[in-house]
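Summary of the model geometry
Below are the chains, spelled out letter by letter.
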Amino acid sequence: MSLTLGAAPANAERLAGIYRTSAECQRVGAYGESQGWWDDWHCEWKAAYAYYFLYS
């Protein structure tokens, strides 16, 4: 019997939130890191949606 398990790459990001302002995105990103919710994060502006996307 053979079993193949799929796994996401180690550098896979997940969407952690969507925010109107960069400051709000940065605040939530830093708070999540301080709470241990994620180790690394960044905010990315998406002009097509006019929002900041927080990835962790």
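Residues numbered from 1 in each chain as written. Predicted model: local features only at pLDDT ≥ 70, side-chain atom pairs only at ≥ 80, totals over all residues. Heavy atoms only, no water.

**Section: a negative patch on the surface**
A contiguous patch of negative charge on the surface is contributed by Glu 13, Glu 33, Asp 39 and Asp 40. The topology assignment puts Glu 13 in the segment before strand S1 (15–19). Among the residues examined, Glu 13 registers a relative accessible area of 47% and is labelled partly exposed. (Patch = residues over 30% accessible without salt bridge, like charges linked within 9 Å, V, L, I, M, F, W, Y side chains within 5 Å. Areas by Shrake-Rupley, 256 points an atom, 1.4 Å probe, with all protein chains shown as cover. Salt bridge = Lys/Arg side-chain N within 4 Å of Asp/Glu carboxyl O. Lys, Arg positive; Asp, Glu negative; His and termini not counted. Charge placed at Lys NZ, Arg CZ, Asp CG, Glu CD. Helix = DSSP H or I, 4+ residues; strand = E, 2+ residues; numbered from the N terminus. Buried < 20%, exposed > 50% of the residue type's maximum accessible area, 1.4 Å probe, protein only.)

**Section: the nonpolar core**
Membership of the largest hydrophobic core is limited to 7 residues, which are Tyr 19, Cys 25, Val 28, Trp 38, Trp 41, Cys 43 and Leu 54. Beyond its immediate stretch of four places on either side in the chain, Val 28 contacts Tyr 19, Trp 38 and Leu 54. (Core = buried A, V, L, I, M, F, W, Y, C linked by side-chain atoms within 4.5 Å. Contact = heavy atoms within 4.5 Å.)

**Observations regarding helix H1 (residues 22–34)**
If you check H1, its first and last C-alpha atoms are 18 Å apart, about what 13 residues at 1.5 Å a residue would give, namely 18 Å. Those residues of H1 that fall on the buried side of the exposure criterion are Cys 25, Val 28, Gly 29 and Gly 32. Taken around the axis of H1, the buried residues stretch over an arc of 100°, which confines them to a single face. Counted as exposed and oriented over 90 degrees from the buried face of H1: Ala 23, Arg 27 and Ser 34. (Expected span 1.5 Å × (residues − 1). Arc of directions from axis to C-beta.)

The analysis is restricted to geometry; functional conclusions fall outside its scope.
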